[in-house]
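Letter by letter, the chains look like this.
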Amino acid sequence: MNKIKKISEHSQVIEKQGKQRVPVKLHVSEELMPDEDTIDQLVNVASQPHVFKHVAALTDVHQKPGRLNPSGSVVATEKYFLPQLLDTAPNCGMRLIKTSFGEGDLDEKQLDSLFKELVEVIPTKTYLGTFFSRRTILEVSKRGAIGVLEALKEDVSEADNIMQGGSMFGDEKISDKDLFDAIPRMFFRFAQLRLGILGVAGNHFLDLMKITDIMEEDLAKKFGLKKGQYVFMMHTGSGLFGQYASYFYTPKKKEHLSQRLVLEAARLTFLNDKVEWHKQLEIEIPRYRDSKNVFPIDSESELGKNYYIAHRAAGNHGFANRSVLQHHLRKALKKTLKKDPGLDLLYDMSHVFAAKENHFGKDVIVHRSNATRANGPSRMKGTQFEKTGEPVFMPSSMSTEAYFGVATDNNESTFFSAAHGTGKSKTKTSEVPSDKDELMKKMKKRNVKLYNAQSAEIVNQDAAHYKDPGVAIEGMKANGVMRPIAKMMPVSVLMA
């Protein structure tokens with residue numbers, strides 16, 4: 001049994017004991033504590049050889065099937081990438097999009113017409129998204145959102161409101177050769193058809209929300225937000241390209257036969273016994289496949305350099321995917337409502353990625369698994385958010401409130417990270433629907449209309465399975481993670 005020590009109302013710690021090398025800091029109240037299996041996973045991560053300082057767990061921490069590391073956790077190392085500590089694919093993320101519509105501008109008939117159109121143009125379970133040329137896919141891999149915005153003839157200034165300017169590479173110049181040395185060429189072919197898809201995972205969504213409360217009026221004005229305003233929140237990943245580029249370098253077990261076949265074909269055609277880091281990959285992946293220890297990749301090695309290129313190139317497809325979907329959203333709004341929606345990207349942020357950052361006076365590699373970066377004003381110097389702090393938004397289920405806020409400078413213990421949602425609760429927080437019909441009735445009572453929802457797992461996205469958003473936001477405030485600015489309620493929801 002793990003000994004958990006209470007530090008404050010919203011903070012607990014598991015000190016070093018036995019094989020555990022660093023503490024686990026849980027930024028949660030007793031009400032939001034995860035189950036014992038999740039705690040065991042956190043302790044196992046804290047027992048790995050290369051973990052720096054401590055393991056941070058956020059308010060939404062919970063176990064996910066088939067993962068060695070819980071969702072809602074942050075782990076740093078001084079020198080090593082630990083790809084198994086990240087969720088399936090890099091740059092699963094979210095964006096918040098403002099509209100010019102306010103209370104009274106949209107009626108039920110208009111919303112129904114809009115979302116029926118969105119079901120057609122924001123696809124979920126499909127093999128074919130928006131086709132792009134191979135050249136565009138290479139530009140997306142190197143330059144992220146700007147690569148696809150140029151191809152769509154959209155305003156590239158949208159990238160100013162995306163984390164790191166819409167590219168995981170930042171100002172670093174990457175060549176075609178760099179990409180082809182790190183990623184099997186067949187993956188780029190798949191990518192030509194895979195942008196513009198919301199995703200097959202049951203928790204990917206496009207929500208229309210209405211702002212119901214403003215907590216900090218001055219900050220809300222700076223972001224152009226007001227009570228009664230409609231906004232869209234989008235949650236998507238980097239698609240098959242992200243998954244394949246991620247799985248290629250990790251011993252993670254593949255969830256589907258198609259993934260296993262593609263990965264095997266890629267390894268047979270790409271890996272060369274004459275290349276030292278290729279041989280290392282062939283030896284190490286089988287060795288770690290059934291181990292509780294995670295596969296470490298030295299960031300200074302040839303393997304490490306190629307992994308980091310592949311990781312960031314894949315992540316760039318997440319930014320691009322959300323830009324393509326926003327492009328289709330804008331067209332659908334104009335088609336169904338016959339007026340300019342005034343769409344304006346507030347922010348787009350990743351919640352699955354590894355990045356080189358400085359924390360506690362050290363240059364480290366931070367692994368955020370379903371946790372967003374949350375830099376306070378001082379860490380955002382030189383950006384448009386240097387006076388506010390980095391935007392942070394926290395959704396919950398399909399029918400409960402979401403929050404928008406900004407990060408603070410008092411958040412070092414999470415490696416300047418924030419929860420990406422409320423997370424699964426270890427006890428049910430309301431009555432659980434037994435099937436999709438009951439789910440629809442429950443959402444109707446909450447004045448939310450659900451569209452598409454073809455995933456067999458959709459009932460598991462009901463509010464009953466999630467932690468209380470109000471309690472979660474209080475914990476984030478108390479721990480200095482964020483200052484909430486606006487509360488939003490879902491109106492119409494498109495789910496995968």
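Here, the structure is the one placed above.
Just so we're clear, the structure is a prediction, and the values are computed from it rather than from any experiment.

Chemist: Could you give an account of the packing of aromatic side chains, with specific residues and numbers?
Modeler: Tallied over the entire structure, the rule returns 19 aromatic pairs. Residues tyrosine 249 and tryptophan 277 carry aromatic rings whose centres are separated by 6.1 Å and whose planes lie at 5° to one another, so their mutual orientation is stacked. Taken together, the residues tyrosine 249 in the loop between helix H8 (239-247) and helix H9 (257-270) and tryptophan 277 in helix H10 (residues 276-288) connect sequence positions 28 residues apart. Comparing tyrosine 249 with tryptophan 277, the two get one shared label, buried.

Chemist: Tell me what's going on with the nonpolar core, and back it up with residues and numbers.
Modeler: Core analysis: the largest hydrophobic core is formed by 65 residues, its most contacted members being Leu118, Phe232, Met233, Phe404, Leu450 and Met488. Broken down by element, this core gets its largest block of residues, seven residues, from strand E19 (residues 482-495). Those residues in contact with phenylalanine 404 that lie beyond four places of it in its chain are Leu96, Phe223, Leu225, Leu346, Pro391, Val392, Phe393, Met482, Pro484, Ile485, Ala486 and Met488. Residues Ile174, Ala320, Val352 and Ile365 belong to the second largest nonpolar core, which totals 49 residues.

Chemist: Mind laying out the pattern of salt bridges, listing which residues take part and the relevant values?
Modeler: With the rule as written, the count across this model stands at 29 salt bridges. In this structure, lysine 335 and glutamate 117 form a salt bridge, with 3.4 Å as the shortest nitrogen-oxygen distance. Pair noted here: lysine 335 is in helix H11 (residues 302-337) and glutamate 117 is in helix H2 (residues 108-121), with a separation of 218 residues, a long-range link. Residue glutamate 117 is classed as buried on the basis of its relative accessible area of 16%. Two residues, aspartate 176 and lysine 142, come together in a salt bridge whose shortest N-O distance is 2.8 Å.

Chemist: Residue-level account of a negative patch on the surface, with values.
Modeler: Among the surface-exposed residues, Asp35, Glu36, Asp37 and Asp40 lie close enough to one another that they form a single negatively charged patch. By the secondary structure assignment, aspartate 40 is in helix H1 (residues 36-46). Assessed through its relative accessible area of 38%, aspartate 40 is described here as partly exposed.

Chemist: Before we move on, could you go through the environment of leucine 42 and cite the residues and values that matter?
Modeler: Examined against the element boundaries, leucine 42 turns out to sit in helix H1. Overall, the relative accessible area of 0% leaves leucine 42 in the buried class. A sequence separation of ten residues divides leucine 42 from phenylalanine 52, and the C-alpha atoms of the two residues are 14 Å apart. If we ignore the near neighbours within four places in the chain, the residues touching leucine 42 are Val24, Leu26, Val55, Ala57, Val61, Pro70 and Ser73.

Thresholds applied
- Residues numbered from 1 in each chain as written.
- Predicted model: local features only at pLDDT ≥ 70, side-chain atom pairs only at ≥ 80, totals over all residues.
- Heavy atoms only, no water.
- Phe/Tyr/Trp six-rings, centres within 6.5 Å; stacked < 30°, edge-to-face > 60°.
- Helix = DSSP H or I, 4+ residues; strand = E, 2+ residues; numbered from the N terminus.
- Buried < 20%, exposed > 50% of the residue type's maximum accessible area, 1.4 Å probe, protein only.
- Core = buried A, V, L, I, M, F, W, Y, C linked by side-chain atoms within 4.5 Å.
- Contact = heavy atoms within 4.5 Å.
- Salt bridge = Lys/Arg side-chain N within 4 Å of Asp/Glu carboxyl O.
- Patch = residues over 30% accessible without salt bridge, like charges linked within 9 Å, V, L, I, M, F, W, Y side chains within 5 Å.
- Areas by Shrake-Rupley, 256 points an atom, 1.4 Å probe, with all protein chains shown as cover.
- Lys, Arg positive; Asp, Glu negative; His and termini not counted.
- Charge placed at Lys NZ, Arg CZ, Asp CG, Glu CD.

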